[in-house]
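Structural features, examined
The residues making up each chain are set out below.
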Amino acid sequence: MDVDTRLLRYFAAIAEEGNLTRAAHRLFVSQPSLTKQLKHLESQLGVRLFTRSSTGMRLTEAGRALAARVPPVLAGWDAAVGETRSAARVLRVGFLASAANDATHHIVSAFGRIRPGWRVDLKQAPWSDPTAGLAAAEVPVALLRLPFLGEDSFKVQALFSERRCVALPSAHPLAGRAEIAFRELWDDPVIVAPALKGTWREHWLALSERDGREVRVGAVVEKPDEFLSAIAGGHGIALVPASTSHFFARPDVVYVPVTGVSPSEIAVAWLPDAGEAVADFVRCCVEVTRTRRTGCGTRSG
């Protein structure tokens, strides 16, 4: 019988959390999707792994037997994958859209100089996974933004920061301004990503800087094109990194610098004991970005 390792990771998270909602948050998947995957695993094995109640998820006897075996199985598989890619001289790096910005190709080039013959395989993650693949161990290292849920589970090195702007529809009354105070935007609906939970949610909605004002959600989107279309269509606004104005420019969306909010911080994060190649990549990240600073364009187009 062949069982997808992703199903085993999902099972392990539920077993450890004892709660579907918390496990879904940890894995950056929806609760219905996680429930479906659990049922799929139980169907494949032909056993019931959990008993469900109002207090959470309890392992059955069969579930306890599997829970005892899964961690070493996953650890062994991760080690095998790491050794295989190392032998092939391939380093898989996760990243979020615009994280590290134009510094990325300089980092990759620097890594190539100290690791001749190695290839960096860049894997872009959706906004629904702010860990850029680390949470599911799909990559050993990633370029992403702080803060993110589960940050304490990984090693993290901050690289640089950039100010935040607001993305507005070009017809917005404030679209022609050179700068906007955040308090002027408190009453506008906001476009959000499905991953907006915990510290990630608090940062990108700037909850601590709203003076207690409630956030109105205008739309929930996962992909950059959906995000921009929602803003252009007048469904809401969004705080974004400054570099978004360079990487996602379009004539019906305007980017204006915002005062009264903290900057966005770019970091490299990696799995504990990820190996020497990852250590070299992290060192390249630090060296390349040490003196870099990112500005903010005021308009798109």
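If you're wondering where the values come from, they're calculated on a predicted model, not measured in any experiment.

Here we take up the overall build of the protein. Helices and strands together make up the secondary structure of the protein, namely nine helices and 13 strands. For the protein, whose C-alpha radius of gyration is 21 Å, the value lies close to the compact-globule estimate of 19 Å for 301 residues. Considered along the principal axes of its C-alpha atoms, the protein spans approximately 65 × 55 × 30 Å. By residue count, 47% of the 301 residues in the protein fall in the buried class. Excluding contacts between residues fewer than 6 apart, the proportion of contacts in the protein whose partners are at least 24 apart in sequence is 76%. Split by element, the accessible area of the protein, about 14700 Å² in all, is 50% carbon and sulfur. Charged side chains of the protein number 36 positive and 32 negative; the gap between the two group centres comes to 1 Å.

Across four bridges, the pairing between strand S1 (residues 50-53) and strand S2 (residues 56-59) is antiparallel. Its bridge partner being in S2, Phe50 is matched across the sheet by Leu59.

Each neighbour pair has its own omega, and for Leu146 with Pro147 the value is -5°, a cis peptide bond. Among the structural elements, Pro147 can be located in the loop between strand S5 (141-146) and strand S6 (155-162). Of note in the backbone geometry, Ala132 takes a positive phi value of approximately 55° without being a glycine. Considering the arrangement of structural elements, one finds Ala132 in the loop between strand S4 (119-124) and S5. Despite not being glycine, Ala206 has its phi angle at roughly 50°, a positive value. Looking at the element boundaries, Ala206 is found in the loop between helix H6 (198-204) and strand S10 (217-220). With a relative accessible area of 0%, Ala206 lands in the buried category.

Evaluation of the coordinates by the stated rule reveals 15 salt bridges. For Arg22, the salt bridge is made with Glu17, and the minimal N-O distance between the two is 3.5 Å. For Arg22, a relative accessible area of 43% translates into the label partly exposed. Between Glu17 and Arg26 there is a salt bridge, and its shortest N-O distance comes to 3.2 Å. With relative accessibility at 25%, the residue Glu17 sits in the partly exposed group. It is possible to trace a salt-bridge network through shared partners that takes in Glu16, Glu17, Arg22 and Arg26.

Contact geometry for helix H1 (residues 5-17) and helix H3 (residues 31-45): axes closest at 10 Å, N-to-C directions at 110°. By the angle between their axes, H1 is roughly perpendicular relative to H3. Crossing of H1 over H3 shows left-handed handedness. Contact residues: Leu7, Tyr10, Phe11 and Ile14 in H1; Leu34, Gln37, Leu38, His40, Leu41 and Gln44 in H3. Taken together, the residues that form the contact of H1 with H3 break down as seven nonpolar, three polar and no charged.

Among the residues of helix H2 (residues 20-27), those classed as buried are Leu20, Ala23, Ala24 and Leu27. Around the axis of H2, the buried residues are gathered within 100° of arc, so they sit on the same side. Its side-chain oxygen 2.9 Å from the backbone nitrogen of Thr21, Asn19 forms the N-cap of H2.

It is worth spelling out the confidence of the model for the protein at this point. Averaged over every residue, the pLDDT of the protein is 87; residues scoring 70 or more account for 95%. Across the protein, strand S8 (residues 180-181) holds the top mean pLDDT of 97, while H6 sits lowest at 81. Note on residues 293-301: pLDDT is under 50 here. Beyond four places in sequence and across chains, it has 34 contacts.

Cut-offs and rules
Residues numbered from 1 in each chain as written. Predicted model: local features only at pLDDT ≥ 70, side-chain atom pairs only at ≥ 80, totals over all residues. Heavy atoms only, no water. Helix = DSSP H or I, 4+ residues; strand = E, 2+ residues; numbered from the N terminus. Rg over C-alpha atoms; globule rule 2.2 N^0.38 Å. Buried < 20%, exposed > 50% of the residue type's maximum accessible area, 1.4 Å probe, protein only. Contact = heavy atoms within 4.5 Å. Areas by Shrake-Rupley, 256 points an atom, 1.4 Å probe, with all protein chains shown as cover. Lys, Arg positive; Asp, Glu negative; His and termini not counted. Charge placed at Lys NZ, Arg CZ, Asp CG, Glu CD. Pairing = 2+ DSSP bridges. Salt bridge = Lys/Arg side-chain N within 4 Å of Asp/Glu carboxyl O. Axes fitted to C-alpha atoms, helices over the stretch in contact; angles between N-to-C directions. Parallel < 35°, antiparallel > 145°, perpendicular 65-115°, else oblique. Left-handed = near helix turned anticlockwise from the far one by under 90°. Nonpolar A, V, L, I, M, F, W, Y, C, P; charged D, E, K, R; others polar. Arc of directions from axis to C-beta. Polar contact = N/O pair within 3.5 Å; in protein donor to acceptor, adjacent residues only side chain to side chain. pLDDT = per-residue confidence, 0-100.

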